[in-house]
Amino acid sequence: MEEAPSERWSEEEAPPNRAQSDANPTSRLTLFRRDKPRVDPNQNGKAYEIHLFNISRPHMRAFHCSWISFFMAFFVWFAIIPLLPFIEKDLGLSKNDIWVSNILNLVADVFARFVLGPACEIWGPRRLTLAVLCFCAIPTALVGVIQSRAGLFALRFFIGFAGGSFVICQCWSIQMFTDEVVGLANGLIAGWGNLGGGVTQLVVGTGLLPLFQRHMSDSMAWRTVSLVPAAMSVTTAIVVYFVSDDSPHCKSQSQVQTVENSAGATEQKASTKELLQSVLSKRTTWILFIHYACSFGVELTVFSTASSYFHDVFGLSHASASAAASVFGWMNIFSRGSGGWLSDLASSRYGFKGRIAVQIVLLTLEGICLVSSLWG
């Protein structure tokens, strides 16, 4: 195993003058480079390059561990979706019961994100990734013991905590990459992580569930198949914890705090309550809240209902419906990364107003597509 990153930069690692660096974020994204990305000492040792197929510590290792852990969180989060038609039939539930379980799943996600944000500052992304993936693996493994509507509601609520891992992966990325490329890094990590929502439809709904049904009854198949994503989640959590680092300088968040204290940091940090009050009092917070609800909220709705919709409306088999629903998730290979790249590009030319312009344009295009679908 590689050594944990040093707390100091060597002369060879010192980046060139920032004024001489190309402002175009595209020039900082490379596919196959074996050397470590260059760092900026003026931004706490964050990398201002992304070497995509590189797993060197700490920056690119964190990049890949971040999206992989978020991918697995999404995989676990939506692994139950292809099973819902069978659960509905076996337990005699109504469509409204399934819809309520979707809502509870989302409520847990919102609550988890509020909690995990401040928690990242205290315990760091590695520990929280381990905790979230292992915690959510428990209700996922227990899907087979559901006997009632209340049981479905409870398990879907606790599984919903997996969605909070989005905050962890974004905090992780922000600690590793500079302002010039953090939009692209965040977009790639979030997009490739979101891909798990589509892959789980394909793997569980089209692959594993039909395979289990060949060797057991439909009822036994949906009650046992969730053990697979649960085991995958725990395995991923353990591996990510041991092979990655919390920051460019230190392996764990406790070491980060020790370094800050030893450096004689005297600045008084605001409490979590004070920070929360400050954030909630800003108009920008609520504008972004609405924007995100209109984008990711739509995505969650599609993820949760597409498979059943294709089965009920178009008469597809459950396996075919899951495969069709997975296509929506596969778009995340490029969609979020493209948004991050456009945001960085606009910011390099027009400042923060450029990022706002990209946000407005993309949300407008989404609205046009949604309205157009009514006449599709």
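The structure presented is a predicted model; accordingly, all values stated were derived computationally and were not measured.

What counts, and where the lines are drawn
- Residues numbered from 1 in each chain as written.
- Predicted model: local features only at pLDDT ≥ 70, side-chain atom pairs only at ≥ 80, totals over all residues.
- Heavy atoms only, no water.
- Salt bridge = Lys/Arg side-chain N within 4 Å of Asp/Glu carboxyl O.
- Buried < 20%, exposed > 50% of the residue type's maximum accessible area, 1.4 Å probe, protein only.
- Helix = DSSP H or I, 4+ residues; strand = E, 2+ residues; numbered from the N terminus.
- Core = buried A, V, L, I, M, F, W, Y, C linked by side-chain atoms within 4.5 Å.
- Axes fitted to C-alpha atoms, helices over the stretch in contact; angles between N-to-C directions.
- Parallel < 35°, antiparallel > 145°, perpendicular 65-115°, else oblique.
- Contact = heavy atoms within 4.5 Å.
- Nonpolar A, V, L, I, M, F, W, Y, C, P; charged D, E, K, R; others polar.
- Patch = residues over 30% accessible without salt bridge, like charges linked within 9 Å, V, L, I, M, F, W, Y side chains within 5 Å.
- Areas by Shrake-Rupley, 256 points an atom, 1.4 Å probe, with all protein chains shown as cover.

**Student:** Hey, could you go over the pattern of salt bridges for me, with residue numbers and the actual values?
**Tutor:** By the definition in use, this model includes nine salt bridges. Its salt-bridge partner being arginine 33, residue aspartate 35 comes within 2.6 Å of it at the nearest N-O pair. The class for arginine 33 is partly exposed, based on a relative accessible area of 32%. With its nearest N and O atoms 2.6 Å apart, the salt bridge here joins aspartate 245 to arginine 57. A residue pair is termed long-range when its members are at least 10 positions apart, and aspartate 245 in the loop between helix H8 (227-243) and helix H9 (253-262) and arginine 57 in the loop between strand E4 (50-51) and helix H1 (59-77) qualify at 188 residues. For aspartate 245, a relative accessible area of 0% gives the class buried. Ionic contacts of the salt-bridge type, sharing partners, join the residues Glu88, Lys95 and Asp312 into one network.

**Student:** Requested: an account of the nonpolar core, with residues and values cited.
**Tutor:** Note that soluble globular proteins tend to have their nonpolar side chains buried in a common cluster. By size, the foremost hydrophobic cluster in this structure holds 70 residues, and its most contacted members are Ile50, Phe63, Trp77, Leu83, Ile87, Val143 and Phe177. Considering every element that reaches this core, the biggest residue donor is H1, with 13 residues.

**Student:** I'd like a rundown of the packing of helix H3 (residues 95-141) against helix H5 (residues 165-176), residues and numbers included.
**Tutor:** Relative orientation of the contacting elements H3 and H5 amounts to 85°, with a least axis distance of 8 Å. With respect to H5, the axis of H3 lies roughly perpendicular. Counted together, Arg113, Leu116, Gly117, Cys120, Pro125, Arg126, Leu128, Thr129 and Val132 of H3 and Ser165, Phe166, Val167, Ile168, Cys171, Trp172 and Gln175 of H5 form the full contact between these two elements. Class assignment for the residues of the contact of H3 with H5 results in 10 nonpolar, four polar and two charged.

**Student:** Break down the environment of isoleucine 333 for me, citing the residues and quoting the values.
**Tutor:** Mapping isoleucine 333 onto the fold places it in the loop between helix H12 (318-330) and helix H13 (335-350). Using a relative accessible area of 42% as the deciding quantity, one classes isoleucine 333 as partly exposed. As a C-alpha pair, isoleucine 333 and glycine 191 span 142 residues in sequence and 5.9 Å in three-dimensional space. With near-sequence residues (within four places) excluded, isoleucine 333 lies in contact with Trp192 and Leu195.

**Student:** Please give an account of a nonpolar patch on the surface that cites residues and values.
**Tutor:** Together, Leu106, Val110, Phe111, Phe114, Val115, Leu276, Val279, Leu280, Trp286, Phe289 and Ile290 line one region of the surface with nonpolar side chains, adding up to about 1,000 Å² of accessible area. Of all the elements in the fold, those that place two or more residues in the nonpolar patch are H3, helix H10 (272-280) and helix H11 (283-314). As for its position among the elements, tryptophan 286 is in helix H11.

Worth remembering: the numbers are spatial, not functional.
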